[in-house]
Amino acid sequence: LWQRLGQQTKNGKTCSQCWVLFGMNSALPLLCVVVSPAAERLRYILGDEDDAPTPTLFTEMDTLQHEGGELEWRESARWVKFEEKVEEGGERWSKPHVSTLSLHSLFELRTCLQTGSILLDLEGYSLPQIVDEVVERQVEDGLLAPELREKVVFVLLRKHRHQTKKPIHRSLADIGKSSSTSECLSVCVSTYHSQSRSMNDISDAPSTDQLKNKFMKKIPRDAEASNVLVGEVDFLEKPFVAFVRLAQATTLGGLTEVPVPTRFLFVLLGPQGKSKSYNEIGRAIATLMVDDLFSDVAYKARDREDLIAGIDEFLDEVIVLPPGEWDPKIRIEPPKKVPSADMRKSVFSLNELGQMNGTAGGGGGSTRTEGESLDGRFCGGLFLDIKRKLPWLLSDFYDAFHIQSISAVLFIYLGCITNAITFGGLLGDATDNYQGVMESFLGTALAGVVFCCFGGQPLIILINAQPDNGVIDYMELRLWIGLHSCFQCLVLVATDASYIIKYITRFTEEGFSSLISFIFISDAIKKMAGSFKYYPINRGYNPDYVTMYKCDCQAPTQESLSDLPVVSTDGSKLNGTALDWSQLSKKECLKYGGSLVGNSCKYVPDLALMSFILFFGTYSMTITLKKFKFSRYFPTKLRKLISDFSIFMSIMTFVGLDMLMGLQTPKLIVPTEFKPTRSGRGWIVKPFGKNPWWMYLASFVPALLVTILIFMDQQISAVIVNRKENKLKKGCGYHLDLFWVGILMATCSFLGLPWYVAATVISIAHIDSLKMESESSAPGEQPQFLGVREQRLTGILVFVLTGVSIFLAPVLQFIPMPVLYGVFLYMGVASLGGIQFWDRIKLFLMPLKHQPDFTYLRHVPLRKVHLFTLVQIICLAVLWILKSTVAAIVFPVMILGLMVVRKMLDLVFSQHDLAWLDDILPEKDKKKKEDEKKKKDRKKSKGQDDDSNEEVRKMSLCTLIHVERIVYSCYYGHSANTTQ
């Protein structure tokens, strides 16, 4: 049934390891898989996907040391993922590094496992009992002379000395002890000798030092240990080798540095003169034990051949460095990103046997989630969103109880009030103060709290969006536009229109999010540049002419003086002629009608320069502190704490600098009274008033444009937040989000407040500030991203604080606006991080040899990458121009146009290229799924034939294993028991 054929493979080369399965009938397709015999064996060992994942292994290597004629096991290296050695001085551990092994040591290890004793699933409860079992097996197999039994047991039960960090005061004390008398030294040595002669050196319970070892924080809770013991003795003529796997992990007292139960034990004792070779073999087996693939083999191996197959597969993947071009003494730093072990293991999965080629699509996580399917019922999507979010309601609150949430609240709060003040001022100018900063604060608080309490994705942050003024009664018309838009949003919710987001691919996401990011960056720079206009640099100042600079207060004319009532400091009224105008300040001079005369009257301090220092200092310090968790200084928890509170620390630093300098830089101005910005208007807008009746109906047209903008802005932002890369676990709620946005539009319209929609940049900043990383990571391994702290409380607190900011005005008035502009700049720049579009733009400026090793560059020609990027740049430029001109009214339609452009790209690029640069559109996925369904139907229709041939297939599998064993034994030149 299986034939080993020397036929031509797809690449034109002869394949000597190509196994071809001929099916029993037409329902079984022809399958050709190029694998080695070792890989074929591992496929049946690791092919069962239902098995529980194997625990993480902590490996410790102890070497046998001779101290004054006595023996002890001394820890020399350890592995969790990377290797750490005890330095030659014996005082410290080396930095974690990638293990570099000699090829010869791997072959010697393979020989050791072929000739040594293999004890699998040994019932062991203590080290002496395990040692007795191993030695007895060696004697039974004829590998060890019976008279050497006691000597081997004696050596294996010697005391284990582990490498521990000594505090500074202990080291200084040791220095003082070094000058002690020889009498004391001899007593100490004799005492040590007497202890080491004891056969009870290995205690059953962990010692106090083991329990207090801080290294346990680096090891996962369910980890198990593998111990490697290597050394040379004078009574052996050939190596003593044993590999033991215990049936249950057992704590063997002081055998291991940390109190972790031992599952594996590898022992190598040999004749003297080969200690270096023994150490290299020990390092080889220790490195294999922490390899993800081999550790699975070690846990599931059935016999010696399975372990050897694991080594052979490891050898197939080994990369050899030429000795003349590489110094073996160089320690390779751990990579920032380790290749996924799942990809290596998937090759050995029986379920994935027919998927060896994989699928393209390294363009990065799909944006499609379970909330995007078309339900077909009235409000079906809305009910599914509510059903999905209800089970998480309680955890949405108690999951927020973490110190990280405090830093997120402070960060997003300052961003929200800055946005409310900035856009509130613009809104006041555009609406003749019908809406201003006060309405912006109140609306932000109201809409934000409601959305975070009841919305489908509470991590989204809302900001205001508003149209321009220019009609008879702005507030009344705006009310009707809001009501029509609310109705349209509810219709979209009822008809499951959010299904359209399946067509929002990376192309549309990145175009929209890049536009919003550039708006944040440009607005921050424009505001900063405006400081140089209002507070110009004094370029005409010359220190040599300081004696000529003066400014006098000139009194007004006599007619003006007689009519000018002047109030003195004590409250009495004086005549203008009684004043000494030369002694008045600048403000008093102008207040009493005087004029300033002199060449220094227009002098102001360099506030623009100071503002720039505050602006750029806040931005640069935030960037630096945010990356501080990757630095080498301070403990891990302190570095992470500094990184989490980077924004708050930067703001406080430069607020303090501004207060120290005492310059009149522009400050944050917060309303201090709870009343509408424009006098004469109330908090409720009446629906009928000055506008003609037809205006109520005609407002449906501008409401349609507003609805398109609200819908696209909200859903694109939600898609970006819900991306697979963020590892959100509580599901999405596109329909529920749009429902509450529509309700809030009607509510805010009646109250005369701005409308609110998802803020892309601030929402991304909210996500980044709540990212969680693994607390226990192997030495040298980068912390693993676990997901986002999904909860509602941070958003609620942000908007509650925004609402009560009126009462915090005495404190907030000390914050300079340039500091907040720096925060805006950081938000814009930080949101560009991780955007593939921005990475591809930078490729235009890089020579080919200096370009990063992006995955898509391996699969897509560079000219096509540049063409795809150029199309995105053109679309972004068109959106920017439309936003900045009078044609901004069609801006919502142009966002929809991005989806049309993406559809047209199917005519220019192949699906393979788009799979790496973007996401595949639903039609392509649908066609692929339909083809798979047809294949399944054909197989199902022939199910009876398949059942009748089931026994034949089982016989075929047995024949395959039988033939593979024969070929395997011939391939490696050693005998195999083929009768098995």
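Not measured: the values here are computed from a predicted model. (Residues numbered from 1 in each chain as written. Predicted model: local features only at pLDDT ≥ 70, side-chain atom pairs only at ≥ 80, totals over all residues. Heavy atoms only, no water.)

Caption draft 1: The arrangement of the overall build of the protein in detail. The helix and strand tally for the protein stands at 37 helices and 21 strands. The burial tally for the protein puts 46% of its 980 residues in the buried class. If you take every contact in the protein between residues at least 6 apart in sequence, the share linking residues at least 24 apart comes to 77%. For the protein, the exposed surface amounts to about 50,400 Å²; the carbon and sulfur share of it is 60%. (Helix = DSSP H or I, 4+ residues; strand = E, 2+ residues; numbered from the N terminus. Buried < 20%, exposed > 50% of the residue type's maximum accessible area, 1.4 Å probe, protein only. Contact = heavy atoms within 4.5 Å. Areas by Shrake-Rupley, 256 points an atom, 1.4 Å probe, with all protein chains shown as cover.)

Caption draft 2: Expanded view of the packing of helix 26 (residues 760-769) against helix 29 (residues 817-832). It is at 9 Å that the axes of helix 26 and helix 29 come closest, and there the two elements cross at 75°. Considered as vectors, helix 26 and helix 29 are oriented roughly perpendicular to each other. Each of V761, I762, I764 and A765 in helix 26 lies in contact with helix 29, whose residues at this interface are M827, G828 and S831. Grouping the constituent residues of the contact of helix 26 with helix 29 by class yields five nonpolar, two polar and no charged. (Axes fitted to C-alpha atoms, helices over the stretch in contact; angles between N-to-C directions. Parallel < 35°, antiparallel > 145°, perpendicular 65-115°, else oblique. Nonpolar A, V, L, I, M, F, W, Y, C, P; charged D, E, K, R; others polar.)

Caption draft 3: Spatial organisation of the pairing of strand 7 (residues 70-79). With nine of ten residues buried, strand 7 is to be regarded as a mostly interior element. The sheet contact formed by strand 6 (residues 57-67) and strand 7 spans nine bridges and is antiparallel. By the bridge assignment, E67 is partnered in strand 7 with E70. The hairpin turn running from strand 6 into strand 7, its antiparallel successor, is two residues long, and G68 in that turn takes a positive phi close to 60°. Bridge count between strand 7 and strand 10 (residues 160-161): two bridges; the pairing is parallel. When the sheet's bridge partners are listed, R74 is paired in strand 10 with R161. Linking strand 7 back to strand 8 (residues 83-85) in an antiparallel pair, the connection comprises three residues. (Pairing = 2+ DSSP bridges.)

Caption draft 4: Molecular detail of the packing of aromatic side chains. Evaluation of the coordinates by the stated rule reveals 15 aromatic pairs. Ring geometry for F454 and W740: centres 5.3 Å apart, planes at 25°, overall stacked. Placement of the pair is F454 in helix 15 (residues 437-454) and W740 in helix 25 (residues 734-751), with a sequence separation of 286 residues. The partly exposed category is assigned to F454, whose relative accessible area is 47%. A ring pair is formed by F616 and Y619, whose centres lie 6.1 Å apart and whose planes are at 45°; its orientation type is tilted. Taken together, the residues F616 and Y619, both in helix 20 (residues 607-626) and three residues apart, mark about one turn of the helix. Pairwise contacts between aromatic rings join F612, F615, F616 and Y619 into one cluster. Residue placement shows R78 over the ring face of W93; its charged tip is 4.0 Å from the ring centre. (Phe/Tyr/Trp six-rings, centres within 6.5 Å; stacked < 30°, edge-to-face > 60°. Lys NZ or Arg CZ within 6 Å of the ring centre and 35° of its normal.)

Caption draft 5: Representation of the side chain of T59. With respect to the secondary-structure elements, T59 resides in strand 6. With sequence-adjacent residues up to four places away left out, T59 is seen in contact with A77, R78, W79, S226, V228, A286, M289 and V290.

Caption draft 6: Just a nonpolar patch on the surface, in detail. There is a patch of nonpolar side chains on the surface, built from I403, I406, Y633, F634, L638 and L641 and spanning about 590 Å² of accessible area. Mapped onto the nonpolar patch, the elements with two or more residues apiece are helix 14 (403-430) and helix 21 (636-644). Judged by its relative accessible area of 47%, I406 falls in the partly exposed class. (Patch = residues over 30% accessible without salt bridge, like charges linked within 9 Å, V, L, I, M, F, W, Y side chains within 5 Å. Salt bridge = Lys/Arg side-chain N within 4 Å of Asp/Glu carboxyl O.)

Caption draft 7: Region of the structure containing the pattern of salt bridges. This model, assessed by the stated rule, comprises 33 salt bridges. For E224, the salt bridge goes to R263, with nearest N and O atoms at 3.5 Å. Of the two residues, E224 sits in strand 11 (residues 224-232) while R263 sits in strand 13 (residues 262-270), which places them 39 residues apart along the sequence. The class of R263 is buried, set by a relative accessible area of 13%. Put simply, D853 and R858 hold a salt bridge, and the shortest N to O gap is 2.3 Å. Each member of the pair D853 and R858 is classed as exposed. Connected through shared salt-bridge partners, R506, E509, E510, R723, E725 and R840 make up one network.

Caption draft 8: Region of interest: the pairing of strand 13. Within strand 13, nine of the nine residues are buried, leaving the element largely enclosed by the surrounding structure. When strand 11 meets strand 13, the two strands line up parallel, connected through eight bridges. Across the sheet, residue V230 finds its bridge partner in strand 13, namely L268. Relative to strand 13, strand 12 (residues 240-250) runs antiparallel, the two being bridged by seven bridges. Looking at strand 13, one finds that F240 is bridged to L269.

Caption draft 9: Structural view of the nonpolar core. Counting residues in each nonpolar core, the largest one holds 119 residues, and the members touching the most others are F411, I412, L668, I762 and M827. Examining the composition of this core, we find that eleven residues originate from one element, helix 24 (residues 700-721), more than from any other. Excluding anything up to four places from it in sequence, M827 contacts F411, G415, F520, V761, I762 and A765. Core analysis: the second largest hydrophobic core is formed by 32 residues, L57, L109, I118 and F264 among them. (Core = buried A, V, L, I, M, F, W, Y, C linked by side-chain atoms within 4.5 Å.)

Caption draft 10: Local environment of a negative patch on the surface. Among the surface-exposed residues, D132, E133, E140, D141 and E150 lie close enough to one another that they form a single negatively charged patch. Among the elements that line the negative patch, the one with the most residues is helix 3 (residues 127-140), at three residues. Position of E150 relative to the elements: it lies in helix 4 (residues 149-156). (Lys, Arg positive; Asp, Glu negative; His and termini not counted. Charge placed at Lys NZ, Arg CZ, Asp CG, Glu CD.)

Caption draft 11: Structural view of the confidence of the model for the protein. Confidence along the protein averages 76 in pLDDT terms, with 76% of residues attaining 70 or more. Note that residues 349-371 has pLDDT below 50 and, in this model, 63 contacts with residues that lie over four places away or in other chains. Throughout residues 467-472 the model reports pLDDT below 50, and contacts reaching past four residues in sequence, or to other chains, amount to nine contacts. (pLDDT = per-residue confidence, 0-100.)

Caption draft 12: Just helix 2 (residues 103-115), in detail. Counted at 1.5 Å a residue, the expected span for helix 2 with its 13 residues is 18 Å, and the 19 Å between its end C-alpha atoms agrees. Turning to helix 2, its buried residues are S105, L106, L109, R110, C112 and L113. The buried residues of helix 2 occupy an angular sector of 160° when the element is viewed end-on, so they sit on one face. Of the residues in helix 2, the exposed ones pointing more than 90 degrees away from the buried face are H104 and T115. (Expected span 1.5 Å × (residues − 1). Arc of directions from axis to C-beta.)

Caption draft 13: Main features of the environment of I219. Within the secondary structure, I219 is located in the loop between helix 7 (208-211) and strand 11. A relative accessible area of 5% means that I219 is categorised as buried. Along the chain, I219 and L57 lie 162 residues apart, while their C-alpha atoms are 8.8 Å from each other.

Caption draft 14: Focus on the packing of helix 20 against helix 22 (residues 646-661). Orientation of helix 20 relative to helix 22, taken along the N-to-C sense of each, is 155°, at an axis distance of 8 Å. Considering the angle they form, helix 20 stands roughly antiparallel to helix 22. Judged by the twist between their axes, the crossing of helix 20 over helix 22 is right-handed. Mapping the contact onto sequence places M610, I613, L614, G617, T618, M621, T622, L625 and K626 in helix 20 and S646, I647, M649, S650, T653, F654, L657, D658 and M661 in helix 22. (Left-handed = near helix turned anticlockwise from the far one by under 90°.)

Caption draft 15: Here's a closer look at unusual backbone geometry. Not every positive phi belongs to a glycine, and D496 is a case in point at roughly 55°. Considering the arrangement of structural elements, one finds D496 in the loop between helix 16 (474-494) and helix 17 (506-534).

Caption draft 16: Structural view of the environment of R263. In sequence terms R263 and G124 are 139 residues apart; their C-alpha atoms lie 9.6 Å from each other. When residues no more than four places from it in sequence are discounted, the contact partners of R263 are E224, A225, V244, R245, L246, A247, Q248, A249 and Y299.

Caption draft 17: Expanded view of the environment of I118. If you trace the backbone, I118 turns up in strand 9 (residues 117-122). Expressed as a C-alpha distance, the spacing of I118 and Q138, which sit 20 residues apart in the sequence, is 9.7 Å. Contacts of I118, omitting those with residues within four sequence positions, involve L113, R137, F243, R304 and L307.

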